[in-house]
Structures are given as C-alpha cells and as structure tokens.
Amino acid sequence: MDSLTDNDVRKILHPFRDGGVISRLYATGEITEDTIPALGMLSVELDEMGQHETADWVADVISYADSVGERPPVKGWTSKV
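Report on the accompanying structure.

## Description of the pattern of salt bridges
Part 1: For the coordinates displayed, the defined rule picks out one salt bridge.
Part 2: R24 serves as the salt-bridge partner of E30, at 2.9 Å between the closest nitrogen and oxygen.
Part 3: We classify R24 as partly exposed; its relative accessible area is 34%.

## Here's the deal with a negative patch on the surface
Part 1: Taken together, E45, D47, E48, E53 and D56 make up a surface patch of like negative charges.
Part 2: Elements that contribute at least two residues to the negative patch include exactly helix 3 (35–48) and helix 4 (52–68).
Part 3: Looking at the negative patch element by element, the count peaks at three residues for helix 3.
Part 4: Counting through the fold element by element, E48 comes out in helix 3.
Part 5: On the basis of relative accessible area, E48 is assigned to the exposed category, the value being 65%.

What counts and how
Per-chain numbering applies: the sequence of each chain, read as written, is numbered from 1 onward. With the structure being a predicted model, the display of local features is reserved for residues of pLDDT at least 70 and the display and counting of side-chain atom pairs for 80 or more, all residues being used for whole-chain, interface and lining totals. Hydrogens and water are ignored here; the side-chain numbers use all heavy atoms of the structure. The term salt bridge refers to a side-chain nitrogen of Lys or Arg lying within 4 Å of a carboxyl oxygen of Asp or Glu. Type-normalised accessible area, obtained with a 1.4 Å probe on protein chains alone, sets the label of each residue: buried when under 20%, exposed when over 50%, and partly exposed for intermediate values. Patch building starts from residues that exceed 30% relative accessible area and form no salt bridge, then joins like charges within 9 Å and nonpolar side chains (Val, Leu, Ile, Met, Phe, Trp, Tyr) within 5 Å. Surface accessibility in these figures is a Shrake-Rupley result with a 1.4 Å probe; residues are shielded only by whichever protein chains are displayed. For the purpose of charge, His is not counted, nor are the chain termini; Lys and Arg are scored as positive and Asp and Glu as negative. In this description, the location of a charge corresponds to atom NZ of lysine, CZ of arginine, CG of aspartate or CD of glutamate. Every helix listed is a DSSP run of H or I at least four residues long, and every strand listed is a run of E at least two residues long, numbered separately from the N terminus.

As structure tokens, then:
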C-alpha cells in the first residue's frame, strides 16, 4: 500500500483494538513510544496465523507511525473518517 491516510490507519486497526496503545492510535491518533512495538507484535502474530496480507497492512501502519513520530491525541481524528 502506498502512503496511508489517517482513515486508512483507522480501517486497518479497527479489528485490533486492544484497550491499549493500538486502541489509542485507532481512537485518537495518539502515537507513543510503545505504539510501534505493539504494532510489530501484532504484525508478527498475524503473520504466524497465516494472515499475511493483514500483517502487511499492519506493517504499513508501523511505517506510518514511524514517519509521523510520537504525538499526542489529534484533534478531530475521528471526524476524519
């Protein structure tokens, strides 16, 4: 997938809300130092379950988070969908 939009990130993460950092990225756009490691673990788990395409999508979210960097919740994040 080419560069992701905020909407793409929410669509990809919707089924993987964990009540933690992945949920915060999904719900508010917040990215912390723990976000990329959590996404990495999710991607590996999906790959091990044979969900390779979904694991690749989560890897795209990792690239998105890495390029954006740490940030607080984004005002209007959910209205972007």
